[in-house]
Amino acid sequence: MAARISQPFMVHIVYTGEIKHDDVELITSSHHDLLSSVLGSREASAESMIYSYRHGFSGFAAKLTESQAQSIADLPGVVHVIPSQFYKVQTTRSWDYLGLSSFSPSNLLHETKLGEDAIIGVIDTGVWPESKSFNDKGLGPIPSRWKGFCQKGESFDPAKNCNRKLIGARFFVDGFQAALGEPFNSTNDYLSARDSYGHGTHTASTAGGSFVHNVSVGELAYGTARGGAPHARLAIYKVIWNGWGTSADILKAFDEAIHDRVDILSLSLGLGIPLFPEIDKRDLIYYGSFHAVANGITVVCSAGNAGPIAQTVLNVAPWVITVGASTIDRSFPTPIMLGNNRTLMGQAMFFGNDTGFVGLIFKERSVFELPPHCESLSTNDTWVAGKVVLCFTLTDGQRLASTISNVLKAGGLGMIVASNPTRYLFQYAGMPFVFVKYDVATQILNYFRSNRDPKVRLLPSKTYVGKLAPTYVASFSSRGPNSLSPAILKPDIAAPGADILAAYAPVPGAENGYKFLSGTSMAAPHVSGIVALLKSIHPDWSPAAIKSALITTAWRTDPYSGEPILAEGDITKIADPFDFGGGLVNPNRARDPGLVYDLRIEDYTHYLCSMGYDETAINHLTQKAKSCSRTIISVLDLNLPSITIPNLNNPINLTRTVTNVGAINSEYKAIIRPPPGITVVVKPDYLIFSPKIKKNSFTVTVSTRHQVTTKYYFGSLTWTDGVHTVRIPISVRSEFPELVW
């Protein structure tokens, strides 16, 4: 008789559809009944089940073999069974830069009482509760609608660690632990909402951190650290463990956040390319965010850090706000003095004493060698000992952390790195690490080659703030067009995400509890903080209305110099909608946008139907018996604050509707800036609003004069009443199929 081979257990998510009633205990009991019918007993069910989802939707996560999962999938009332997936995570100046100075009495910050009525949920790596950024000084009572709590765990005592600022702190690890197939090892992390990684503390304090004065890192970026909504309340949902999280845990966090009544959910995490469709349960951020938006919660997501490559943007569902990363008007110039007394400038976060004049070294290649790059430096390169190393890299410098360590261990005194761009700096205390452009590095190299004993002196960095530090879309920020649904513009908006100083776990390199980080992970909580302010002043606005207000009022030029915002990459260019969506977020204008392009949850359902997805899968997501009608609405007619046409050939008619949120009696005129070679006609081109007319629809006809397939060209449609300018980007690519191969 053949030996029976046991099947491995995996975490599966069982989705049972729409919630039939509000009795959460009865819902959980029904989940156990269903599970025990396959496993044979209530005891086995209790041992297998990880989570019961019972607020925004009905389902559960459980440890199952493949055959058990298949048996459950065949049961009546079970919509779908899928394996759990792994996800990875993606200041003192940025808020003033965006026009939200705490010293100005007339901006959005003060009109909303610093966001005191808003509750921001942060799904991330947890929180370091002792940080001064989470003090509750000056805060009133916790909003009465709040239904959440703080959860006791390892090194986390709710009575001590939570307050009127940090009103919720939960952790979800069962899915991660089950996926590992072994007990959680707390050596590298806390089995609680406490953050050992630092990422979640940084994002939470960026969105809603309290005022903390006299913050700096080595005297760089000295000032007051705070979040966008300093008096907003924070609810932490820890789902990331040692840099990874599972879809089972993330979905549970969404479910509990819906129950807890947060206003905003901020997520700086995601899966990578290729993207799953919105109805595919392998990316449950789509599922969780859909139900959150259906419950009036605005969901803000990071766009990803795979830029400047096109079509790399993540979290592309039209119901979420997808945020790219920009720079701010701050830099850290660092003098490089050569032995001939010539001084060149680089960028670094070098603080402390200067190096004095020391030897400069560059490794020349032999005849048959490939050019050596910074990444090739190792601990065996003892020729760097006692010298400053000059090297070149073809990356943006973000991947050189191990190189720095290698040079330090080999005895090096510092590094000068030629990189494009030069902006992504290391807060590294071991030695100076200075970025320069290729042309500056070549000048240093020429000096090295022309001297028998070349010397260099690296001086400490300074902090510069002003219009001479122009605004860029950061090179690492993932770009559009949207690879899943090209007619949906992504990213939606850009916000500061390069060299952002915020609270951090007090680990080596951040001993004072504050640290610089770069990424779209830093950009998303900037928008989350702004949404908290907007939600405070406009509590009746839908997530779509808030998103529209952000996009239609965004900056497309530098807030201070007025110069065009640029996009970093192999070749720096003027930024377009695939770099920054509507532009750089402009909080003060967003509070009074004039008109908004609003959407209901039913509109997103129509979008899913227009994408041609399986209707049964759409029904699973929407929790409706039938989601799609016989008449399918074009995806181009989704009422977004943008127009994106990826394959224009014959003329196309599309419709948009605007809702008046400004003066009751107002008149708006259309201003069209068509993309090159494209004709855009708007009818009517004049809109009148009154007490009886709050909404107006209009038709946009788009046609091409091109005769060959083109790249994307960009333009805009603006409605103005003389006070407001309600601008949406237009992106059009002419395509002639017979010429595409």
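Every value quoted in this text rests on a predicted model; they were computed, and no experiment measured them.

Caption draft 1: Geometry of the packing of helix 10 (residues 284-294) against helix 18 (residues 615-622). Across the interface, helix 10 lies against helix 18 with an axial gap of 10 Å and an inter-helix angle of 55°. Our classification of the angle between helix 10 and helix 18 gives oblique. Where helix 10 abuts helix 18, its residues Y287, F290 and H291 lie against A617, H620, L621 and T622. Residues belonging to the contact of helix 10 with helix 18 are distributed by class as follows: four nonpolar, three polar and no charged.

Caption draft 2: The sheet that holds strand 33 (residues 652-660), seen in detail. If you trace the four strands from one edge of the open sheet to the other, you get 31-33-37-35, paired in antiparallel fashion. Looking at the sheet topology across the chains shown, the edges are occupied by strand 31 (595-596) and strand 35 (678-683).

Caption draft 3: Spatial organisation of the UniProt feature "domain: Subtilisin-like protease fibronectin type-III" (unreviewed entry) in the protein chain. In the numbering used here, UniProt assigns the "domain: Subtilisin-like protease fibronectin type-III" (unreviewed entry) feature to residues 637-732. Structurally, residues 637-732 comprises 0% helix and 62% strand, and the distance from its first C-alpha atom to its last is 15 Å.

Caption draft 4: Highlighting the UniProt feature "active site" (unreviewed entry) in the protein chain. Here the UniProt feature "active site" (unreviewed entry) sits at D124, H199 and S521. What stands out for the annotated residues spanning 398 residues is how close their C-alpha atoms remain, the widest pair being 9.9 Å apart. Residue placement: D124 occurs in strand 6 (residues 119-124). Here H199 takes part through its side chain, which lies 2.7 Å from a polar atom of the side chain of D124.

Caption draft 5: How the structure looks around the pairing of strand 8 (residues 212-217). Across three bridges, strand 8 lies against strand 9 (residues 220-225) in antiparallel orientation. Across the sheet, residue V217 finds its bridge partner in strand 9, namely L220. Linking two consecutive strands that pair antiparallel, namely strand 8 and strand 9, is a turn of two residues; a positive phi of about 55° is found at G218 within it.

Caption draft 6: A look at the nonpolar core. Of all hydrophobic cores here, the largest spans 91 residues; its most connected members are L265, W319 and W719. Residues within four places of W319 in sequence aside, it is in contact with E278, Y286, S289, F290, V293, Y604, L608 and L621. If you look at the next biggest cluster of nonpolar residues, it comprises 59 residues, including F476, V531, A545 and V596.

Caption draft 7: Region of interest: the state of the cysteines. One pass over the structure, following the stated rule, counts three disulfides. Each sulfur of the disulfide joining C150 and C162 lies 1.9 Å from the other. Measuring handedness by torsion sign, the sulfur bridge of C150 and C162 sits at about -105° and is left-handed. With a gap of 12 residues between them, C150 in the loop between strand 6 and helix 6 (158-161) and C162 in the loop between helix 6 and strand 7 (166-171) connect regions that are remote in the sequence. The disulfide bridge from C374 ends at C391, spanning 2.1 Å between sulfur atoms. Residues C374 and C391 share a disulfide whose torsion about the S-S bond is about 105°; that sign makes it right-handed. One end of the pair, C374, is in the loop between strand 19 (358-361) and strand 20 (387-392); the other, C391, is in strand 20, with 17 residues separating them in the sequence.

Thresholds, definitions, all that
- Residues numbered from 1 in each chain as written.
- Predicted model: local features only at pLDDT ≥ 70, side-chain atom pairs only at ≥ 80, totals over all residues.
- Heavy atoms only, no water.
- Axes fitted to C-alpha atoms, helices over the stretch in contact; angles between N-to-C directions.
- Helix = DSSP H or I, 4+ residues; strand = E, 2+ residues; numbered from the N terminus.
- Parallel < 35°, antiparallel > 145°, perpendicular 65-115°, else oblique.
- Contact = heavy atoms within 4.5 Å.
- Nonpolar A, V, L, I, M, F, W, Y, C, P; charged D, E, K, R; others polar.
- Pairing = 2+ DSSP bridges.
- UniProt positions renumbered as here; feature names shortened; annotations may be inferred.
- Polar contact = N/O pair within 3.5 Å; in protein donor to acceptor, adjacent residues only side chain to side chain.
- Core = buried A, V, L, I, M, F, W, Y, C linked by side-chain atoms within 4.5 Å.
- Buried < 20%, exposed > 50% of the residue type's maximum accessible area, 1.4 Å probe, protein only.
- Disulfide = S-S within 2.5 Å.

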